[in-house]
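Each chain, written out:
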Amino acid sequence: MNTESSIRFYGRTELARIYSPFTTDRTAWRRLQSLIAATPGLQESLTALGYRTSQRNFTPQQVALLFDTIGRPES
């Protein structure tokens, strides 16, 4: 994966599937939600960047925060 170009808008399921490629869309999204909730301060930091749990897309800033906090997905 080219990590420089990978910081862009992502649909929430698209991003979740990158972290959990061998699961269903629903399971991948639930796993990403659980990871966000389990990482201290991440939910608050995402909220500060305008994240809402009902949103369907992650902004490049939110994606960069996720990558920096929980790591970049394996390519």
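The model shown is predicted, which means the values in this text are computed figures rather than measured ones.

Undergrad: So, the pattern of salt bridges: which residues are in play, and what are the values?
TA: The final tally for this structure, using the stated rule, is two salt bridges. Among the ionic pairs, R8 bridges to E14, the shortest N-O distance being 2.6 Å. Measuring nitrogen to oxygen at the nearest pair gives 2.5 Å for the salt bridge that ties D25 to R17.

Undergrad: Just give me the short version of helix 4 (residues 60-70), but keep the residues and values in it.
TA: Of all the positions in helix 4, only Q62, V63, L65, L66 and F67 are classed as buried. Where helix 4 is buried, its residues meet strand 1 (10-11), helix 1 (12-19), helix 2 (25-38), helix 3 (42-48) and strand 2 (57-58). Trailing helix 4 by a residue or two, G71 shows a phi angle of about 95°, which is positive.

Undergrad: Account for the side chain of S20, with residues named and values stated.
TA: Locating S20 in the fold gives a position in the loop between helix 1 and helix 2. Leave out the neighbours within four places in its chain, and S20 touches A28 and R31.

Undergrad: Could you give me a rundown of the packing of aromatic side chains, with the residues and numbers involved?
TA: With the rule as written, the count across this model stands at three aromatic pairs. Grouped by ring-pair contacts, the aromatic residues W29, Y51 and F58 constitute a single cluster. The aromatic ring of Y10 is capped on one face by R8, whose charged end is 4.1 Å from the ring centroid.

Undergrad: Go over helix 2 with me, naming the residues and quoting the values.
TA: Across its 14 residues, helix 2 extends 20 Å between first and last C-alpha, which sits within 8% of the 20 Å expected from 1.5 Å per residue. Residues of helix 2 that are buried include every one of A28, W29, L32 and I36, and no others. Seen from one end, helix 2 has its buried residues packed into an arc of 95°, which puts them on one side. Opposite the packed face of helix 2, turned more than 90 degrees from it, sit the exposed residues R26, A37 and A38. Contacts made by the buried residues of helix 2 are with helix 1, helix 3, strand 2 and helix 4.

Each value, and the rule that gives it
- Residues numbered from 1 in each chain as written.
- Predicted model: local features only at pLDDT ≥ 70, side-chain atom pairs only at ≥ 80, totals over all residues.
- Heavy atoms only, no water.
- Salt bridge = Lys/Arg side-chain N within 4 Å of Asp/Glu carboxyl O.
- Buried < 20%, exposed > 50% of the residue type's maximum accessible area, 1.4 Å probe, protein only.
- Helix = DSSP H or I, 4+ residues; strand = E, 2+ residues; numbered from the N terminus.
- Contact = heavy atoms within 4.5 Å.
- Phe/Tyr/Trp six-rings, centres within 6.5 Å; stacked < 30°, edge-to-face > 60°.
- Lys NZ or Arg CZ within 6 Å of the ring centre and 35° of its normal.
- Expected span 1.5 Å × (residues − 1).
- Arc of directions from axis to C-beta.

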